[in-house]
Amino acid sequence: MLRRLEKLLAILLIGLSLFHAGRMAVAMATTSLSTDEFGTVGSFSAKGPLAVMTDYRAPKNHVFFNLLNSLLPGRESLAPSRVRALSILATALTALLLIGYAAARGRWLEGALLLALWSAAPQMLRLSMEARGYGFLGLFAVLAAIAVIEYFRGRERRWLWTLGIAAALGVYTVPGFLFFAGPLMLALWLVERSRATFLAGAFTAAAILALYSPLLVQVFSAFTSFHQDKAEADFETAHGLARAMKLYFLQTDDWAAWALLGGMALAPFIFATDRRESPALRLLAGTCLIYFAVLLALRTPPVRMAAFSLLPLGIAGAWSTGSWMRNRLPQIPRALLGACAALFMLCVLIGVTRSFQFVPTENWSLAARAIDTAFPAGIHVEFRRYAKYLRQTLPDSESRSADYDPAAFADGRLVVADAGNKWAEGDRFVAPKNIPRGVRWIIPGSIRDIVLNFCLPIDPGLDLPASLADGRANTSVRLSPNVLELRGRAGNGAKALIVLLNRPAAPDELQVDASNHRHSVLFAGNAIVLPLEPDPPVDVRLRTAPGSDLEAVEAWITR
């Protein structure tokens, strides 16, 4: 009975974890690429397999990912669903491999808890599904962990070759994987001094050297410059490990992150109950600790480089703890502890699922749609700083591009698109003070907001309250509980109705009623856009739920 309850809870955890991961996959397949993804694909895989295998001018070349991507049809595509397909597949295989192996070894609850932690982590799924190699790193780390455990269980050499393949391909994806794979294979040989383990390590090293032979000099150069670059330096202190735990394993307080990290690392050394598996689990935990020490010694790796190593460490900790509970605890206390852990993670997953709202790193696609839909066809755009990536998603971006011209900006013929790192650069462009009609349209992102600066038309083309027609963003009309009515005639050349809001609004927060209108409303940051028909009159009503603080700041028709 208790075993059935444990399995039922495990199945619930697995189902909810996969459901949440599926929602993330859909979001990743339908939202904008990030700047790093544009760089990874545009600079490498789009140029073909030969360029991928021989060009390492930047660490953005995650070689194995880019090589596979370059061999598939549509390698030059920047559509999120196409570009991220391989990473989403690698992430799905990681989940299936983890839970499949756990089920095969009768460790349903351990596998389900680890899968739930992996799924509910704030950044693990997003990072794994990006059009880069991190999803493959997770897959190869799990495969390497399983290969080590299975080798110690039966000393079958096929698992040594599985480990070697996982290690070589992991390093071929991102060279930093070597600091995990190298110590793991060396420690395996030191623990199990045999001809088979030596040959497996030697062949793996030879394979890595052969794969990187056209790139070796460039890799060393990139590593040297990256090691000296203090731009991120996430491991300058040991707190970087706690931050990695909270991002890629469980969102919690620092003390809890340290406790969980310490528990996973120490469990294989304390709970040694299986003579076949325990050496492998200690080997995995020790290797992960060595890898963390390397990160702290280098100081400059980005925090995302710790993500993949938490999976083998989690396997080592969960498998050790599960074995100890099965072999040392009576059935009822063991079932109670397992049920409490499962119910806790169920609550975490339910909370994560209910509050799920995907915010892209930078929403270039949405910003491009906003510009293309809301502004006149002849509008020009100046792309400042990271806003240059708008060129990748904005139709006819080259013909629209223009340098800043104060007169064109004041006349409403120029949009200044700006985007900077929130933590360092913020917003730089400031409209001249002598332009009273200048406004800012903000497309939010988790790392960079895209800010569209422009001037309102002199004639809004609508019957508006005075505060919305004055061209100043410091006045507004509250939308709730009253209904704001916008009336006018579209006339010839009318393109869209735009309403600038005091903050970003979700589609389910604002109700838009428009007569004689067939197009859907575009919700884009702190504005909504309603494409117009050429002739019918404009009759739009905006309303929100009682208690909402949403306000209309400006409204106008674009022609």
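About the cut-offs
- Each residue is numbered by its place in its chain's sequence as written, counting from 1.
- With the structure being a predicted model, the display of local features is reserved for residues of pLDDT at least 70 and the display and counting of side-chain atom pairs for 80 or more, all residues being used for whole-chain, interface and lining totals.
- Neither water nor hydrogens contribute to the side-chain values; these are computed over all heavy atoms in the structure.
- A helix here means a DSSP run of H or I that spans at least four residues, while a strand means a run of E at least two residues long, and both kinds are numbered starting from the N terminus.
- Exposure categories follow from relative accessible area, calculated using a 1.4 Å probe and restricted to protein chains: below 20% of the type maximum is buried, above 50% is exposed, and the middle band is partly exposed.
- In this description, contact between two residues means that some pair of their heavy atoms is separated by no more than 4.5 Å.
- Note on areas: Shrake-Rupley, 1.4 Å probe, and residue coverage restricted to the protein chains presented here.
- Under the convention used here, Asp and Glu are negative, Lys and Arg are positive, and both His and the chain ends fall outside the count.
- Charged groups are reduced to one reference atom each: NZ for lysine, CZ for arginine, CG for aspartic acid, CD for glutamic acid.
- Whenever a carboxyl oxygen of Asp or Glu lies within 4 Å of a side-chain nitrogen of Lys or Arg, that contact is scored as a salt bridge.
- For two strands to be treated as a pair, DSSP must find no fewer than two bridges joining them.
- Fitting a line to C-alpha atoms yields each axis, with helices limited to the stretch in contact; the angle taken between N-to-C directions then spans 0 to 180 degrees.
- Centres within 6.5 Å are what make two rings of Phe, Tyr or Trp a pair, Trp counting through its six-membered ring; a difference in plane orientation under 30 degrees is then read as stacked, over 60 as edge-to-face, and the rest as tilted.
- Counted as over-ring charges are cases with an Arg CZ or a Lys NZ within 6 Å of the ring centre that also lie within 35 degrees of the ring normal.
- In this scheme, a helix's expected span is set at 1.5 Å multiplied by one less than its residue total.
- Both site types are read off a 1 Å grid over the protein atoms alone. A 1.4 Å probe that fits but cannot get out defines a cavity, while an open set with protein on both sides within 12 Å along at least five of seven lines defines a pocket; lining residues have an atom within 4 Å of a point.
- Grid points are joined across faces, edges and corners, and a volume is the space filled by probe spheres set on the points.
- Polar here means any residue outside two lists: the nonpolar Ala, Val, Leu, Ile, Met, Phe, Trp, Tyr, Cys and Pro, and the charged Asp, Glu, Lys and Arg; Gly therefore counts as polar.
- Within the patch definition used here, like charges are joined within 9 Å and nonpolar side chains (Val, Leu, Ile, Met, Phe, Trp, Tyr) within 5 Å, considering only residues with over 30% relative accessible area and no salt bridge.
- Orientation is classified from the angle alone, with under 35 degrees giving roughly parallel, over 145 giving roughly antiparallel, 65 to 115 giving roughly perpendicular, and any other angle giving oblique.
- By definition, any crossing whose near helix is turned counterclockwise from its far helix by less than a right angle is left-handed, and any crossing with a clockwise turn is right-handed.

## Section: the overall build of the chain
- Of the regular secondary structure elements, the chain holds 21 helices and twelve strands.
- Taken over the C-alpha atoms alone, the chain extends approximately 85 × 60 × 40 Å along its principal axes.
- The buried share of the chain, taken over its 559 residues, is 52%.
- For the chain, long-range pairs separated by at least 24 residues make up 75% of all intrachain contacts whose partners lie at least 6 apart in sequence.
- A total of about 24200 Å² of accessible surface is found on the chain, and carbon and sulfur atoms cover 60% of it.
- The centroid of the 55 positive side-chain charges in the chain is displaced by 10 Å from the centroid of its 43 negative side-chain charges.

## A few points about the pattern of salt bridges
- In this structure the tally under the stated criterion is 22 salt bridges.
- As a salt-bridge pair, Arg 107 and Glu 277 come within 2.7 Å of each other at their nearest N and O atoms. With a gap of 170 residues between them, Arg 107 in the loop between helix 6 (85-104) and helix 7 (108-120) and Glu 277 in the loop between helix 15 (254-270) and helix 16 (278-298) connect regions that are remote in the sequence. For the pair formed by Arg 107 and Glu 277, the shared burial category is buried.
- We note a salt bridge from Arg 132 to Glu 130, for which the minimum N-O separation is 2.5 Å.

## Quick word on the sheet that holds strand 4 (residues 448-455)
- The four strands are arranged 1-2-4-3 in an open sheet whose pairing can be described as mixed. Of all strands in the sheet, those bounded by a partner on one side alone are strand 1 (380-385) and strand 3 (438-443). Averaged over all adjacent pairs, the angle separating strand axes in this sheet is 20°, with direction ignored.
- Relative to strand 4, strand 2 (residues 414-421) runs antiparallel, the two sharing six bridges. Paired with Ala 417 across the two strands is Leu 452, which belongs to strand 4.
- Each of strand 1, strand 2, strand 3 and strand 4 touches helix 19 (residues 364-374); the most contacted strand, strand 3, lies at about 140° to it.

## Looking at the packing of aromatic side chains
- Counting across every chain of the model gives 22 aromatic pairs.
- Seen from their ring centres, Tyr 151 and Phe 152 are 6.0 Å apart, and the 80° between their planes marks the pair as edge-to-face.
- When its relative accessible area of 3% is taken as the criterion, Phe 152 is described as buried.
- When the ring of Tyr 291 is compared with that of Phe 308, the centres are 5.2 Å apart and the planes differ by 55°; the resulting orientation is tilted. One end of the pair, Tyr 291, is in helix 16; the other, Phe 308, is in the loop between helix 16 and helix 17 (310-328), and 17 residues separate them in sequence.
- With relative accessibility at 4%, the residue Phe 308 sits in the buried group.
- Among the aromatic residues, ring-to-ring pairing joins Phe 177, Phe 180, Tyr 291, Phe 292 and Phe 308 into one connected group.
- Taking the ring centre of Tyr 404 as reference, the NZ or CZ of Arg 384 above it sits at 5.6 Å.

## Considerations on the side chain of Ser 320
- Here Ser 320 lies in helix 17.
- The contact partners of Ser 320, leaving out residues within four places of it in the chain, are Ala 267, Pro 268, Phe 271 and Leu 281.

## Regarding helix 10 (residues 157-173)
- A rise of 1.5 Å per residue sets the reference length of helix 10, with its 17 residues, at 24 Å; its end C-alpha atoms lie 25 Å apart and thus fit the reference within 8%.
- In this structure, the buried side of helix 10 is in contact with helix 3 (49-54), helix 4 (63-71), helix 9 (134-154), helix 11 (178-191) and helix 12 (195-212).

## Some details on the layout of surface pockets
- A volume near 760 Å³ is recorded for the second largest pocket.
- At eight residues, the largest contribution of residues to the lining of the second largest pocket is made by helix 17.
- Split by residue class, the lining of the second largest pocket holds 18 nonpolar, six polar and four charged.

## Section: a nonpolar patch on the surface
- A cluster of nonpolar side chains, namely Leu 266, Phe 269, Ile 270 and Leu 289, defines an oily patch on the protein surface of about 390 Å² accessible area.
- In terms of residue count, helix 15 provides more of the nonpolar patch than any other element does, three residues in total.
- Within the secondary structure, Leu 266 is located in helix 15.

## Comments concerning the sheet that holds strand 7 (residues 496-501)
- Ordered by their spatial adjacency, five strands build an open sheet running 5-12-7-10-9, and the pairing between neighbours is antiparallel. Strand pairing shows two members of the sheet lacking a second neighbour, strand 5 (477-478) and strand 9 (522-524), which therefore form its edges.
- The sheet contact formed by strand 5 and strand 12 (residues 551-558) spans two bridges and is antiparallel. Bridge pairing in strand 12 links Arg 478 to Glu 551.
- Contacting strand 7, strand 9, strand 10 (527-531) and strand 12, helix 19 crosses the sheet at an angle of about 125° to strand 9.

## What to know about empty space enclosed by the protein
- Under the defined criterion, the tally for this structure stands at five cavities of 30 Å³ or more.
- Taken as a whole, the second largest cavity holds about 70 Å³ of empty space.
- Along its surface, the second largest cavity is lined by 14 residues, and Met 124, Ser 128, Tyr 134, Gly 138 and Phe 308 are the ones closest to its centre.
- Sorting the residues of the lining of the second largest cavity by element identifies helix 6, helix 8 (124-129) and helix 9 as the ones contributing at least two each.
- Per-element tally for the lining of the second largest cavity: the top contributor is helix 9, with four residues.

## Quick look at the packing of helix 6 against helix 9
- One way to put it is that helix 6 packs onto helix 9 with a least axis distance of 8 Å and a crossing angle of 25°. Relative to helix 9, the element helix 6 lies roughly parallel. Helix-helix and strand crossings are classified by hand; for helix 6 and helix 9 the assignment is left-handed. In contact with Leu 86, Ala 90, Thr 91, Leu 93, Thr 94, Leu 97 and Tyr 101 of helix 6, helix 9 contributes Gly 135, Phe 136, Gly 138, Leu 139, Val 142, Leu 143, Ile 146, Ile 149, Glu 150 and Arg 153.
- When grouped by side-chain class, the residues that make up the contact of helix 6 with helix 9 number eleven nonpolar, four polar and two charged.

## Quick look at the environment of Ala 267
- Inspection of the secondary structure puts Ala 267 in helix 15.
- With 117 residues separating them along the chain, Ala 267 and Glu 150 place their C-alpha atoms 19 Å apart.
- When sequence neighbours within four positions are dropped, the list of residues in contact with Ala 267 reads Gly 317, Ser 320 and Thr 321.

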